[in-house]
Amino acid sequence: MEDTGGELTVIGCHLKSKRPSILEDEDENDFLVQAIGETRSLLRRAVEAAGLRKLILDELADTDAPLIVMGDLNDSTRAVTTGIVAGPQPWKFDPIAEKKKHWDRALYNAFDIISRRSFKTDWSTHIYNGHYEALDHIFLSQEFYYRNRDRIGELDFVHVLDD
């Protein structure tokens, strides 16, 4: 493992909104056009998430350097695009060597971490038409994860200033 000399990498991001991507010659009031426009937005957000994941993997692989990724991912905590950014967690029956590879490259959601230590389990960062969602996220590398014996720090508090 590489000695990081106390460096911390922070990646800020803002992925494509859920707003439909409507082309110039399309009728934005057509319900099918709206659905196709939302699909375009989702595809763009997924490609952006995969590109962000590549940057994350470049930073995390084979190093103990801590990483924080934060920003407006424009998707909920359990959305596929958010999962792409965070990376896969190991399967519970994987051998420990395989789990360690996953843990080295996975990110942990700050809201999930703090929810395990709090009575609050619902975090909204955005309210639109009466719907509450967490579209803004903070992800931490294993160097801050409370279950990691070799962590360099630990998340103790999260405060959300929402709409």
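Note: the structure precedes this text.
Values in this document were obtained by computation on a predicted structure and should not be read as measured data.

S.K.: Looking at this structure, I do not really get the overall build of the protein. What am I missing?
M.R.: Within the protein, the regular secondary structure consists of 4 helices and 6 strands. Starting at the N terminus and walking to the C terminus, you meet the elements of the protein as β-α-β-α-α-β-α-β-β-β. Seen through its principal axes, the protein has C-alpha atoms that stretch 55 × 35 × 35 Å. Across the 163 residues that make up the protein, the buried fraction comes to 38%. At a minimum sequence separation of 6, the contacts of the protein that also span at least 24 residues come to 70%. Working note: accessible area of the protein is about 10600 Å², and carbon and sulfur atoms make up 53% of it.

S.K.: Sorry if this is basic, but what is going on with the packing of aromatic side chains here?
M.R.: How two aromatic rings sit relative to each other is set out by the distance from centre to centre and by the angle between their planes. Counted according to the given criterion, the structure contains 3 aromatic pairs. On the basis of an interplanar angle of 75 degrees and a centroid distance of 5.0 Å, the ring pair of Trp91 and Phe93 is categorised as edge-to-face. With relative accessibility at 55%, the residue Trp91 sits in the exposed group. Take Phe93: its relative accessible area is 56%, and that puts it in the exposed class. When the ring of Tyr108 is compared with that of Tyr145, the centres are 4.0 Å apart and the planes differ by 10 degrees; the resulting orientation is stacked. Of this pair, Tyr108 sits in strand β3 (residues 108–109) while Tyr145 sits in the segment after β6 (136–140), and the two are 37 residues apart along the sequence. Judged by relative accessible area, Tyr108 falls into the buried class, the value being 8%. A relative accessible area of 13% places Tyr145 in the buried class. Among the aromatic residues, ring-to-ring pairing joins Tyr108, Tyr145 and Tyr146 into one connected group.

S.K.: When you look at the pattern of salt bridges in this model, what are you seeing that I'm missing?
M.R.: Working definition: two side chains of opposite charge can pair if their charged atoms are close together. Counted by the stated rule, this structure contains 10 salt bridges. Residue Arg40 is joined to Glu26 by a salt bridge in which the shortest nitrogen-to-oxygen separation is 2.8 Å. Of this pair, Arg40 sits in helix α1 (residues 31–60) while Glu26 sits in the loop between β1 (9–14) and α1, and the two are 14 residues apart along the sequence. Exposure remark for Arg40: the relative accessible area of 26% places this residue in the partly exposed category. When salt bridges that share partners are traced, they join Lys18, Arg45, Asp75 and Glu133 into one network.

What counts as what
- Residues numbered from 1 in each chain as written.
- Predicted model: local features only at pLDDT ≥ 70, side-chain atom pairs only at ≥ 80, totals over all residues.
- Heavy atoms only, no water.
- Helix = DSSP H or I, 4+ residues; strand = E, 2+ residues; numbered from the N terminus.
- Buried < 20%, exposed > 50% of the residue type's maximum accessible area, 1.4 Å probe, protein only.
- Contact = heavy atoms within 4.5 Å.
- Areas by Shrake-Rupley, 256 points an atom, 1.4 Å probe, with all protein chains shown as cover.
- Phe/Tyr/Trp six-rings, centres within 6.5 Å; stacked < 30°, edge-to-face > 60°.
- Salt bridge = Lys/Arg side-chain N within 4 Å of Asp/Glu carboxyl O.

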